[in-house]
Amino acid sequence: MPNIKPISDLRNYNEVLRDIAIGEPVFLTKNGRGKFAIVDINEYEKLKASLKLMSQLAQGEQAGKEKGWMTIKEVEAELGIENV
């Protein structure tokens with residue numbers, strides 16, 4: 001169940017920070033609407049890396065559609081990998 005708190009709870013920020021764990025962010029609301037999410041720094045780094053990977057995959061997919069797809073043999077040759 002999501003941990004949702006009003007932003008006014010930040011007056012006692014130590015208690016809010018204690019509730020944060022990997023996979024369990026704290027969501028802060030302002031005037032009853034979601035405004036911020038506080039996440040563990042390790043989880044943030046993983047999310048950032050995932051977003052970067054997804055962006056690169058989307059770029060690769062777009063390049064494949066525009067320029068054509070490479071065969072496994074072409075990829076191996078490009079990377080200098082010998083067939084085992």
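No experiment lies behind these values; they were computed from the predicted model shown.

What counts and what doesn't
- Residues numbered from 1 in each chain as written.
- Predicted model: local features only at pLDDT ≥ 70, side-chain atom pairs only at ≥ 80, totals over all residues.
- Heavy atoms only, no water.
- Helix = DSSP H or I, 4+ residues; strand = E, 2+ residues; numbered from the N terminus.
- Expected span 1.5 Å × (residues − 1).
- Polar contact = N/O pair within 3.5 Å; in protein donor to acceptor, adjacent residues only side chain to side chain.
- Pairing = 2+ DSSP bridges.
- Axes fitted to C-alpha atoms, helices over the stretch in contact; angles between N-to-C directions.

Asks: So what exactly am I meant to see when it comes to helix α2 (residues 41–67) here?
Replies: For an α-helix the count is 3.6 residues per turn, leaving residues at separations of three or four pointing the same way. The end-to-end C-alpha separation of α2 is 39 Å, in line with the 39 Å expected for 27 residues at 1.5 Å each. With a side-chain oxygen positioned 2.9 Å from the backbone nitrogen of Asn 42, the residue opening α2 is Asp 40.

Asks: What should I look at first to understand the environment of Lys 46 in this one?
Replies: Looking at the secondary structure, you find Lys 46 in helix α2. Taking C-alpha positions, Lys 46 is 26 Å from Ala 63, a pair spaced 17 residues apart along the chain.

Asks: Please explain the sheet that holds strand β2 (residues 26–30) as it appears in this structure.
Replies: Strand pairing within a sheet occurs via backbone hydrogen bonds; the two strands may be parallel or antiparallel. On the basis of which strands lie adjacent, the open sheet formed by three strands has the order β1-β2-β3 and mixed pairing. Edge positions in the sheet fall to β1 (3–6) and β3 (33–38), since each of these pairs with one other strand and no more. When the angles between neighbouring strand axes are averaged without regard to direction, this sheet yields 35°. As judged from the four bridges shared by β1 and β2, these two strands associate in the parallel manner. Looking across to β2, one finds that Pro 6 is bridged to Thr 29.

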